[in-house]
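# Structure at a glance
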Amino acid sequence: MARDKTLHEKIRELGRNLWWSWQPEVTNIFREIDPVLWTEVGHNPVLLLEQYPPDKLEQRAAEAVLHTRINWAYRRWQEYMDASDTWGATHAGVLGQRPTAYFSAEFGLHESLPIYSGGLGVLAGDHLKSASDLGIPLVGVGLFYDQGYFEQHIDANGWQQETYTDQKIERLPIEPAVSRDGKPVLISVDTRGGSIHARVWRVNVGRIPLFLLDTDIAENRDEDRQLTARLYGGDTRTRIRQEIILGIGGVRALAAMGIQPGVIHMNEGHSAFAGLEVIHQRIDDDAVSFDEALRETAAMCVFTTHTPVPAGHDRFGADLIEEHVGPLRDQLGLRADALMSLGRVEPQNQNESFCMTVLAFKLCRRANAVSSLHGVVSRRMWANLWPWRSEEEIPIGHITNGIHVSTWLAQQMRMLYDRVLPLNWYLRTGEPGVWAPVEEISAGELWETHQTLKTRLISFARDRLLKQARRREELTDTLAQQISTALDPRVLTIGFARRFAPYKRADLIMRDIEVLAELVDQADQPIQLIFAGKSHPADEQGKAMLQRIIKVTQRNEFRGRVVFLEDYDVNLARHLVQGVDVWLNNPRRPLEASGTSGQKVVLNGGLNCSILDGWWAEAYDGSNGFAIGSGRTHVNQDIQDSRDGDSLIAVLRNEVIPLYYDRDRDLLPQAWIKRMKRAVRTLGWRFNADRMVMDYVSRNYVPAAGGLSCDMNNIA
Ligand SMILES: *Cc1c(COP(=O)(O)O)cnc(C)c1O
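Residues numbered from 1 in each chain as written. Predicted model: local features only at pLDDT ≥ 70, side-chain atom pairs only at ≥ 80, totals over all residues. Heavy atoms only, no water.

### Looking at the overall build of the protein
When you go through the protein residue by residue, the secondary structure sums to 29 helices and 20 strands. Scaling as 2.2 N^0.38, a compact globule of 716 residues should have a C-alpha radius of gyration of about 27 Å, and the protein matches this with 25 Å. Taken over the C-alpha atoms alone, the protein extends approximately 80 × 70 × 55 Å along its principal axes. Sorting the 716 residues of the protein into buried and exposed places 60% on the buried side. Long-range contacts, defined as pairs at least 24 residues apart, comprise 73% of the intrachain contacts of the protein with a sequence gap of at least 6. Accessible surface, the protein as shown: approximately 28000 Å² in total, 48% of it carbon and sulfur. (Helix = DSSP H or I, 4+ residues; strand = E, 2+ residues; numbered from the N terminus. Rg over C-alpha atoms; globule rule 2.2 N^0.38 Å. Buried < 20%, exposed > 50% of the residue type's maximum accessible area, 1.4 Å probe, protein only. Contact = heavy atoms within 4.5 Å. Areas by Shrake-Rupley, 256 points an atom, 1.4 Å probe, with all protein chains shown as cover.)

Encoded structure:
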């Protein structure tokens, strides 16, 4: 029999599988080992444990009485990894030894692994976590960005500055991926100008392996070593080079490891070259024709499109395509124009560039948008790809995005749910009946829990404001004094955090600054606002919008009442969605394909106040949150913005603020609390990642793997 593992070995193993990150009890163990260091190392257990060799850990574990808890956590983890009675075992059996390979340019799993920029990545991360919980045979494929996206600081002028830090592999929960014969995996992709090589890393996300390709190796020229350094950092040439590594290289890496996917899922068009490489392998293996190989490949490929914003779709000119996909084209036996036509809406149009989204549609029999409304918009947007079909027959369905409950739910809220919801409710979050008993939670207790979380958010925010001021060398005694009373837990707190893409209109609430000042200062019914979000480094318009908000936060009438927190990431997101009263979302309809941050707020007791766009257009029922406007759009953008701005102020004045401050004798806002519960009950079961992944499995993965479709709704 093998000897028992030591405490140190156990905690190290726990820290090297991201499963810990969605187990509050395990997270608490890391925090309690060394609370100060835990914050300093950015919640990275690998870094934390570097400072705790076996002896020191033993000593600390004795002091803090951690032995039983570590042993218990370790045993729970083993049980989780070994479980065979999962949903997937029953419903995804056909995937068996041929898993779904889920390709994405970014994965937002945890703040300590910064290889994501925003919603797309967080969605991919949540997808992997739910696939793990449900026991779906699935592997992730992405890129390892050693500098990640960027850290955001705001300079004295209110302008965003970006800094990039090299991540040290040995300080991340990452290990080399190995091939069948136990050797590190190396792959290469030929271009007309030479080969690009990549090694492959492995991250363990519960039961799911995530493989990350990395070009920073000695075999490459200097230029190519930098290729995967930054997420969305380069020009179009960098972009296409990243995308051949992700798509073509990704499929080759799986082959090198002996993984034969039964389904390829392309999360957004960045990875669409994967389909070409699968076709290549089919031709190589069985000498079938290109057309036959394309048909077979399309049957096993699934595509999720994520944006109606034109700039969100990669396009490459014929020269870049020839330079980078030319060698593969030769192997496929395709002429240059035949390859180009795969990326064109009008195959023969010489003036049309090569669009990755179009390629994905042509290589995938099953395609979906990410909300019901986005489905309608996408079918209209891509109708020309199927000119012989009517709009309703365009083969793009929808599966609405959802969030991974255990990742985003505050522990205190979870404890409330544990008391009233059915046993093991967190394994059944996709069932409506599971959530109904939230009505039984007492109003007082729900409110108190919410207030606790809000207070925690506020102290976190003050701490951040202090650090920001210190770094800008602006911190005076007066300012420190002001910050220590910034934000008030009794005041209606509105959060707004997301990428500063112009269509998201972060500054909509400031269209009339006098009106905002009135709302913030209203005698018995004030509001306060917390903003966060990064602008893409090349987006001057986004940066200008951000600067405008910073300037507002600096005006006397808004100090400590409208604040901006720098460097939005998963950690900051967690604090915000768990602590705000209201989550504001005011995109220019219909450009928000889904949005997911509002879903994170729901389960924590916050209410959404949103334009009827993305997920909210199908979620809002009149009393589970608030709607801005009625969903009308206008061809003139200025008119739409001004109309939506007015609607926003109106709903705040007439509905949100009065409801929040309508208190009973115990100072409880009974009608508001009713709405909180209604939100959880009506939205919790639909807008979570378990339900989303189950939909993908039954509508897309199982049929694509050759099983029978359980649900035909996918093809609208
Ligand atoms: C959830 C999340 C997002 C996505 O938010 P949207 O509502 O889709 O804009 C972006 N960034 C982070 C860090 C998140 O946690």
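### Focus on the nonpolar core
In terms of nonpolar packing, the biggest core is built from 137 residues, with Phe30, Ile33, Phe273 and Leu276 touching the most fellow members. Considering each element in turn, this core owes the most residues, nine residues, to helix α29 (residues 689-704). Composition of this core by domain shows at least three residues from each of domain 1 (7-82) and domain 2 (94-150 + 163-401 + 695-714). Contact partners of Leu276, with chain neighbours within four places excluded, come to Val325, Leu328, Leu332, Leu339, Leu342, Leu359 and Leu363. (Core = buried A, V, L, I, M, F, W, Y, C linked by side-chain atoms within 4.5 Å. Domains from an automatic or database assignment.)

### Details of the sheet that holds strand β16 (residues 527-532)
Ordered in space as β17-β16-β15-β18-β19-β20, the six strands form an open sheet in which the pairing is parallel. Looking at which strands have only one partner, the edges of the open sheet turn out to be β17 (562-565) and β20 (626-628). Neighbour-to-neighbour, the strand axes of the sheet open up by a mean angle of 20 degrees, direction not taken into account. Here helix α23 (residues 540-554) sits on the sheet and contacts β16 and β17; the angle it forms with β17, its principal contact strand, is near 130 degrees. Sitting on the sheet, helix α24 (residues 570-579) touches β15 (492-497), β16, β17 and β18 (582-585), and the angle it makes with β16 is about 160 degrees. (Pairing = 2+ DSSP bridges. Axes fitted to C-alpha atoms, helices over the stretch in contact; angles between N-to-C directions.)

### Details of the pattern of salt bridges
All chains considered together, the criterion is met by 50 salt bridges. The shortest N-O distance in the salt bridge between Glu63 and Arg60 comes to 2.8 Å. You can see Glu63 and its partner Arg60 sitting in helix α5 (residues 54-63), three residues apart, about one turn around the helix. As a salt-bridge pair, Asp214 and Arg199 come within 3.3 Å of each other at their nearest N and O atoms. Residue Asp214 is found in strand β8 (residues 208-214), and its partner Arg199 is found in strand β7 (residues 194-205); the two are separated by 15 residues along the sequence. Note on Arg199: relative accessible area 27%, which makes it partly exposed. Taken together, the shared-partner salt bridges connect Arg221, Glu223, Asp224, Arg237, Arg241 and Glu323 into one network. (Salt bridge = Lys/Arg side-chain N within 4 Å of Asp/Glu carboxyl O.)

Everything listed here is a matter of geometry and, on its own, says nothing about what the molecule does.
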